[in-house]
Amino acid sequence: MINYRLVVIALSVLLLFAVMPLSSLAQRTTGRVNPTSTIPSPKSFLGFAPGDDRTIADWNQITSYFGQLDKASDRVVVQSLGLSTLKRPLIVAIISARENILALDKYKGIQQQLADPRKVATPLLRDRLIATGKTVVAVSCSIHSTEIVASQMSMQLAYDLASAQDPDTREILQNTILLLIPSPNPDGVDIVANWYRKSLGTPYEGREPPELYHNYAGHDDNRDWFMLNLKETQIITRLFWQDWFPEIVYDVHQQGSNGSRFFIPPFYDPPNPNINPLLLRQVGLIGHKVAADLQSSGFQGVLTDALYDTWWHGGFRTAPYFHNSIGILSEAASARLMTPSTVTADQLTRSSTRGMRNATEATTNFPDPWPAGTWRPRNIMDMELIAARAILSLAAKYRTTYLQNFYELGRHNIEQPTKPTEPIAYLIPAGLSRDEAVAKLVASLIAQGVEVFRLDSELHVSYGPQILQRTNTVSEKLGTYRTIVANTTAMQEVPAGSYLVFLSQPQRTNVLALFEPQNYPNRLTGTGEAERPYDVAGWTLPLQLGVEAPAIMSIRETPTERKLTLLKNENEVRTDLALPLRNSEASPIRNPIKASVRIGIYKGSIGNMDEGWTRYVFDTFNVPYSSIKDGDIKQGNLASKFDVILLPSQRSREIIEGNAAGSLPAEYTGGIGEGGVSNLKDFVNSGGTLICFDGSCELAIKQFNLPIKNVLEGLRSSDFYCPGSIVSLELDNKNPIATTLPTNIPAYFINSSAFATTDANVRVIARYAKDNVLRSGWLLGEDTLRGQIALAELSQGKGRIVLFAFRPQHRGQTWGTLPLIWNAIASSVR
Ligand SMILES: [Zn+2]
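In this text, all values refer to a predicted model and were calculated from it rather than measured experimentally.

Student: Could you clarify how one ought to interpret the overall build of the protein in this entry?
Tutor: Counting its regular elements, the protein contains 25 helices and 31 strands. The C-alpha atoms of the protein give 28 Å as radius of gyration, which agrees with the globular expectation for 830 residues (28 Å, within 12%). Referenced to the eigenvectors of the C-alpha coordinate spread, the extents of the protein come out at roughly 90 × 70 × 60 Å. Each of the 830 residues in the protein was classed as buried or not, and the buried ones make up 59%. Put simply, of all contacts in the protein between residues at least 6 apart along the chain, 79% involve residues at least 24 apart. When the accessible surface of the protein is split by element, carbon and sulfur atoms take 52% of a total near 32,200 Å².

Student: Help me understand the sheet that holds strand 3 (residues 135–141), please; the structure alone is not making it clear to me.
Tutor: Remark on secondary structure: sheet strands pair via backbone hydrogen bonds, oriented parallel or antiparallel. In spatial order, the strands read 1-2-4-3-5-8-6-7; together these 8 strands make up an open sheet with mixed pairing. Strand pairing shows two members of the sheet lacking a second neighbour, strand 1 (76–83) and strand 7 (302–303), which therefore form its edges. As judged from the 8 bridges shared by strand 5 (residues 248–255) and strand 8 (residues 326–333), these two strands associate in the parallel manner. Within strand 8, the position partnered with Tyr250 by the bridge is Ile328. On the sheet, helix 9 (residues 167–175) packs against strand 2 (89–95), strand 3 and strand 4 (176–181) and is oriented at approximately 90° with respect to strand 4.

Student: Whenever I open this one, the pairing of strand 8 confuses me. Can you help?
Tutor: Taken residue by residue, a regular strand's side chains alternate between the two faces of the sheet. Counting buried residues along strand 8, 8 of its 8 residues qualify, which places the element largely inside the surrounding structure. Residues Ile326, Ile328, Ser330 and Ala332 point to one face of strand 8 and Gly327, Leu329, Glu331 and Ala333 to the other, with burial holding for every one of them. Relative to strand 8, strand 6 (residues 262–263) runs antiparallel, the two being bridged by 2 bridges. Its bridge partner being in strand 8, Phe263 is matched across the sheet by Glu331.

Student: Got a minute to help me understand the packing of helix 4 (residues 59–72) against helix 8 (residues 149–163) in this structure?
Tutor: For any two helices packed against each other, one specifies the inter-axial angle together with the distance between the axes. Two elements in contact, helix 4 and helix 8, have axes separated by 10 Å at closest approach and are oriented at 5°. Relative to helix 8, helix 4 is oriented roughly parallel. When helix 4 is examined against helix 8, the residues Ile62, Tyr65, Phe66 and Leu69 are found in contact with a partner set consisting of Ser151, Gln152, Ser154, Met155, Ala158, Tyr159 and Ala162.

Student: Is there a simple way to think about the sheet that holds strand 18 (residues 551–555) in this case?
Tutor: Pairing in this open sheet of 7 strands is antiparallel, and the strands run 16-13-18-11-17-12-19 from one edge to the other. Each of the sheet's edge strands pairs with one partner strand only, and the pair in question is strand 16 (492–494) and strand 19 (564–566). The average angle at which neighbouring strand axes cross in this sheet is 45°, direction not considered. Of the pairings in the sheet, the one linking strand 11 (residues 425–428) to strand 17 (residues 499–502) comprises 4 bridges and is antiparallel in character. Bridging across to strand 17, Tyr426 finds its partner in Val501. Each of strand 11 and strand 17 touches helix 15 (residues 435–447); the most contacted strand, strand 11, lies at about 145° to it. Running over the sheet, helix 16 (residues 508–515) touches strand 11 and strand 17 and is turned about 50° from strand 11.

Student: Teacher, can you tell me more about the nonpolar core here?
Tutor: What tends to happen in soluble globular proteins is that the nonpolar side chains get buried as a cluster. Judged by nonpolar contacts, the single largest core of 125 residues is most densely connected at Ile428, Phe618, Leu690, Tyr768, Leu785, Leu803 and Leu820. In terms of residue count, helix 15 provides more of this core than any other element does, 7 residues in total. Listed in part, the 93 residues of the second largest apolar core include Ala162, Leu173, Val189 and Ile248.

Student: I'm lost on the coordination of the zinc ion in this one. Help?
Tutor: Put simply, a metal with four donors set out as a tetrahedron has ideal angles of 109.5 degrees, and one with six donors set out as an octahedron has ideal angles of 90 or 180 degrees. All of the protein donors around the zinc ion are His144 (ND1), Glu147 (OE), Glu147 (OE) and His253 (ND1); their distances to the metal are 2.1 to 2.5 Å. Read N to C, the donor residues that coordinate the zinc ion are spaced as H-x2-E-x105-H. Of this pair, Glu147 sits in the loop between strand 3 and helix 8 while His253 sits in strand 5, and the two are 106 residues apart along the sequence. Both residues of the pair, Glu147 and His253, belong to the buried class.

Student: Any chance you could explain the pattern of salt bridges here in plain terms?
Tutor: Opposite charge on two side chains makes pairing possible when the charged atoms of those side chains draw close. Inspection of every chain in the model, using the stated rule, returns 42 salt bridges. Here Glu531 makes a salt bridge to Arg523, at a shortest N to O gap of 2.8 Å. Overall, the relative accessible area of 11% leaves Glu531 in the buried class. The residue Glu793 makes a salt bridge to Arg800 at a minimum N-O spacing of 2.4 Å. Comparing Glu793 with Arg800 shows no difference in burial state: the two are buried. Through salt bridges with shared partners, a single ionic network connects Asp220, Arg223, Asp535 and Arg811.

Student: How should the pairing of strand 11 be read in this particular structure?
Tutor: Alternating positions in strand 11 separate into two faces, Ala425 and Leu427 on one and Tyr426 and Ile428 on the other, with burial throughout. Here strand 11 pairs with strand 18 via 2 bridges, running antiparallel. By the bridge assignment for strand 18, Tyr426 is matched with Ala551.

Thresholds applied
Each chain has its residues counted from 1, following the order in which its sequence is written. The predicted nature of this model means local features are confined to residues of pLDDT at least 70 and side-chain atom pairs, given and counted, to a pLDDT of 80 or more, with totals for whole chains, interfaces and linings taken over all residues. Values shown for side chains rest on all heavy atoms present in the structure; no hydrogens or waters enter the calculation. The helix and strand labels rest on DSSP assignments: H or I over at least four residues marks a helix, E over at least two residues marks a strand, and numbering proceeds from the N terminus. When we talk radius of gyration, it's over C-alpha atoms, and the globule rule is simply 2.2 Å times the number of residues to the 0.38. For the exposure calls, accessible area comes from a 1.4 Å probe over protein chains only, and a residue counts as buried if that area is under 20% of its type's maximum, exposed if over 50%, partly exposed in between. We call two residues contacting when some pair of their heavy atoms lies within 4.5 Å. Computed with a 1.4 Å probe, the accessible areas rest on the Shrake-Rupley method; for each residue, only the protein chains presented here act as cover. Here, a strand pair is defined by DSSP locating no fewer than two bridges between the strands. Between N-to-C directions, angles cover 0 to 180 degrees, with each direction set by a line fitted to C-alpha atoms, over the stretch in contact for helices. Angular relationships are summarised with four words: roughly parallel below 35 degrees, roughly antiparallel beyond 145, roughly perpendicular across 65 to 115, and oblique for the angles in between. For our purposes a nonpolar core is just a set of buried Ala, Val, Leu, Ile, Met, Phe, Trp, Tyr and Cys residues, chained together by side-chain atoms within 4.5 Å. Atoms of type N, O and S within 2.8 Å of a metal are treated as its donors, and for Na, K and Ca the window is 3.2 Å; water is not considered, so some sites may appear to be missing partners. A pair is scored as a salt bridge if a Lys or Arg side-chain nitrogen falls within 4 Å of a carboxyl oxygen belonging to Asp or Glu.

Right, dumping it as structure tokens:
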């Protein structure tokens, strides 16, 4: 129904704008000449309004527009933060009232003190900091580049804040400092913009580009926020957790097209147990404010309390929880890039998932379903603008509450009395002969602001519980954890040169969330299937890096007797370990493969993140390789060009068939085909080494008729489920592939494989452990995995095939299992 009163008001406002020049309107509302009337609008600069159908601003246009705003407005300062992976400038626009912009260093200093209450000597000083500080709010747009609308929206949001004179905007500007990031993935904005422009008016308009939108990580660019592998993550982490310490981080995303129109927190279960409940409540408060503002603006289809959870750590909006900050996510329904889409009632989601009954039925967390229809980029943009305004307005109105809570969370982390059952620190022991991994671990911690101390002389400590073990009851599969407690009374010597990470620091919860094994609760659906977590279930950082970092329960030496040095920056650990300072051209990480091997890494027509991460680890370790495309494999004669061909994890069908004909321009369709499979066989038979990761093992096993089967194939999740967890492997280190590693190591399993064979010619290099398989995360049906093959090798003709059932390079995080890859390659040379 049309509300005629609103229409009349809207028409008269339009009329007013039409007859009155903007400057005189401003005069009337503010009583003085509008000093910002010369500020260029995005439309005047771009020639179209951001969010218009079938328009897209690329990175050069976006950064140029922000450059204009910086010049024209005394409320906006634009800073260049560094270069992206493909060397585009990453920028932040800092937006606030003129007087705040003139005193940014002062406000940054206040934030740095509030972030570490040890720097606040007296209650008087605390009260003064809270009274004078501003709520710092970060808004980040389109980290996922096909979720493109927010990057366009950023220009409108900045313009509105730079030019408006109304009391609400003035209150926001006076009380908050906005860090607006038009995109933390500039390369992806251009990949999408270039592709979209090329596809406009063709049958492929609105399709996603047929490549990863981050050179290495694709969608996983938002899975890196504790590991800090990517340039973009490193740059923003410095801005957030070393410089500005935003109290609120709003990460703007889009989701699929057929569900709710907009998701906003509160989140779904399970919560991460290390997140302070006060943070979850503040997340909920902001989410409901956004939802209420959207509803009162007439938007339908807003969903809360469903789908997305806070369990996992390493995302743009989840990392803030472990820095005492509020992380907000929104997920708008997608159009087709910048092309409108039509969703019919039949297409709306009918199935029930994780707290959402369906997209058509009203429930308390989804009270006003959207009735289907046309969905435009403009709808997305308007909802995101309202959400950003709602967050900024709360941040302004409750400024002192946000600052107080932020300070109190840090203080709580420092002063929290440690229970006798809880560790006081984690130890990274010296002399592990894993120096690169130790350096990477310590450097990642320091870069995100965690305090790490080096022992300048030995200490005596007692260790805590080392291993969590799940015991399943067969009938219900509802597991309980049994803790194996090590001898906690005996004091043992820890050598100088080791590193200590104390829990008593502002980031206490971050230390726990990174060092503890995760214990994901058994969550089953009504039919007994596993209810999948939003992302992975376990990520314990030392285990991923292959570094055993035990919990310390007590230290014999008093604080004054200890000789400890706080590491000031990540270079210090590399100096300690006599490693190159950083992985640069001037001082590279040494190539771990001594021999000269010609390596090809398969890159198919379907963008594959596992392929991108494989290139990432090869580039990081300076191992030379070439990418091989479908055409190269179809051409054949592979043995003349390569000694080793590596297939990153990908389904066999995707490799063989690629993108379906007609779905994209012909150059992006088709896979290696039957001919390519036969050429790969020839390659192995004539002496080549084929290495397969996880999913791609299926191709070798089935197409080459190998005497191996994947025992997990076809199992229901009620019988076996392991969605991203760390498991234990037992290695045969008489085999050259495992020779440099211990006999028991952690490895990453993400809905991966497990093999069995009866053929004595299959050389088994690693098996999933016979006991205590799970180290961190969630494993349902442990019996199915126990003792099965995790890594095997077979000879075929003059060559051989190496099958990794798991992901040895998962997201560039699993440095503990990278030596298996290097050894598999090095052992191909005879
Ligand atoms: Zn996203």
